[in-house]
Amino acid sequence: RVVAVIMVGGPTKGTRFRPLSLNVPKPLFPLAGQPMVHHPILACRRIPNLVQIYLIGFYEEREFALYVSAISNELRLPVRYLREDKPHGSAGGLYSFRDYIMEEDPSHIVLLNCDVCSSFPLPDMLEAHKRYGGLGTVLVIKVSAESANQFGELVADPVTNELLHYTEKPETFVSDRINCGVYIFTPDIFTAIQSVFPLRKETSNLRRMNSFEALQSATKTLPADYVRLDQDILSPLAGKKKLYTYEMLDFWEQIKTPGISLRCSALYLAQYRHISPHLLATGNGSKSPTIIGDVYIHPSAKVHPSAKIGPNVSISANARIGAGVRLISCIILDDVEIKENAVVMHAIVGWKSSIGRWSRVQAEGDYNAKLGITILGEAVAVEDEVVVVNSIVLPNKTLNVSVQEEIIL
Ligand code: GDD
């Protein structure tokens, strides 16, 4: 029996995702027309003998209620949101719900960060984990040496795949193999997390005795029950024949900024070709718009037949796309209106926004640059014939003049 747990974090996390995380929890932001967390959930569905999926986070319960009940019905698999009263860290959060998880008597626990975009090769990873016979297996990918320091860097034995060395976001280069934030554990992980608690107590005693020393180290000021999976569990257990690695070759991205979410939307749309082709717009029929490449259009959206859409476009519920509109590489959220002959390119258009006739909302499309894509927050109005380039516009603004390289507060 397998239980999957997805760590969704809370409102104090995901701040780099603003302004898009201002009115929807980041894990529910749509990529390729489906909430971010939906993609790992579908991947979990492919694990044999999966009995339950838990989402653990410190968002209000009501924020996830609708989604969780809809997806449970759709998949005919219990999906439940468990709310922490405060952040406990990625391992501490898991530990705080050990009773719920162990109720299912699982042989394996699959643990995933919600803010990664991947093909999630979970069934193959589970098979490898069983062969290794360790406490845990970490999903690993090779990245460029320049980008590795944003992640946990690790060294594994090339023959046995044992995790030999692990450093979280090191200042000097260790390895171009990184932690993907996807793990498989046996229930012994709870004993490993528990063994960190006495260490925490020692350091909080120390704080009383020697406050200067305590201030020197961020670790020593952490709450007693705050345990991070990477620093507190993976680092000390590396090289002890307990942890192993499974290297993936397919796609993987970490979704920290809105720019990357546009790239992730493209990756998931491309994946639909293989796993859910019915979700892709075809452009067949006299009433359909011209479709180029991978495009998702929600069934309730209205798109004029003379519009030209794609590649990499997703259009959410109740959006209205007028005649002659051109959309390239963009996410159009619920209830947006785009009027005749407007162009949207490398942009995210927030809920209930409107774009006027002959207007352009665009960017160069460098997903890593801060202003490499244009973002309109919720209910932004761009008037007719206005051009918005490489800019971020916060919610409820009206733009009646053109702007370039600006953050409009
Ligand atoms: N429920 C809950 N409670 N979730 C949490 C908490 C918490 O207190 N703290 C973090 N998370 C969730 C986040 O929402 C995210 O999904 C995941 O746990 C990891 O977040 P962080 O601990 O902030 O780490 P990170 O995202 O900067 O880096 C981690 O993931 C990378 C892969 O994406 C590290 O494990 C890196 O080594 C790894 O490369």
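Refer to the structure presented above.
Because the structure is a prediction, the values reported are computed rather than measured.

A. A look at the overall build of the chain. From N to C terminus, the chain includes 10 helices and 31 strands. Taken over C-alpha atoms, the radius of gyration comes to 23 Å for the chain, in line with the 22 Å a tight globule of 409 residues would show. In terms of its C-alpha atoms, the chain occupies a principal-axis envelope of roughly 65 × 50 × 40 Å. When each of the 409 residues of the chain is scored for burial, the buried share is 47%.

B. Structural context of the site of the ligand. Near the ligand lie 27 residues; those nearest to it are Gly 9, Pro 87, Phe 151, Gly 152 and Gly 181. Of the residues forming the shell around the ligand, the biggest block, four residues, is contributed by strand β11 (residues 177–185). Considering only residue class, the shell around the ligand consists of 10 nonpolar, 11 polar and six charged.

C. How the structure looks around helix α1 (residues 38–45). When you tally the buried positions in α1, you get six out of eight residues, the bulk of the element. Those residues of α1 that fall on the buried side of the exposure criterion are His 38, His 39, Pro 40, Ile 41, Ala 43 and Cys 44.

D. Geometry of the environment of Ile 355. Along the chain, Ile 355 falls in strand β23 (residues 354–355). By the C-beta count within 10 Å, which is 30 here, Ile 355 ends up buried. Sequence separation of Ile 355 and Phe 251 is 104 residues, and the distance between their C-alpha atoms is 33 Å. Look past the residues within four positions of Ile 355 in its chain and what remains in contact with it is Ile 338, Lys 339, Ala 342, Val 344, Val 349, Val 361 and Val 382.

E. How the structure looks around helix α9 (residues 229–237). Taken together, the buried positions of α9 are occupied by Leu 229, Asp 230, Gln 231, Asp 232, Ile 233 and Leu 234. Directly beyond the C-terminal end of α9, a positive phi value near 75° is found at Gly 239.

F. The arrangement of the environment of Ile 47 in detail. Tracing the backbone shows Ile 47 in the loop between α1 and β4 (50–57). Sequence spacing of Ile 47 and Asp 99 is 52 residues, and the spatial spacing of their C-alpha atoms is 22 Å. Apart from the residues lying within four places of it in its own chain, the contact partners of Ile 47 are Val 2, Ala 4, Val 110, Leu 122, Pro 123 and Leu 126.

Rules used in this analysis
- Residues numbered from 1 in each chain as written.
- Predicted model: local features only at pLDDT ≥ 70, side-chain atom pairs only at ≥ 80, totals over all residues.
- Helix = DSSP H or I, 4+ residues; strand = E, 2+ residues; numbered from the N terminus.
- Rg over C-alpha atoms; globule rule 2.2 N^0.38 Å.
- Buried ≥ 20, exposed ≤ 12 C-beta atoms within 10 Å, placed from the backbone.
- Near = placed C-beta within 6 Å.
- Nonpolar A, V, L, I, M, F, W, Y, C, P; charged D, E, K, R; others polar.
- Contact = placed C-beta atoms within 7 Å.

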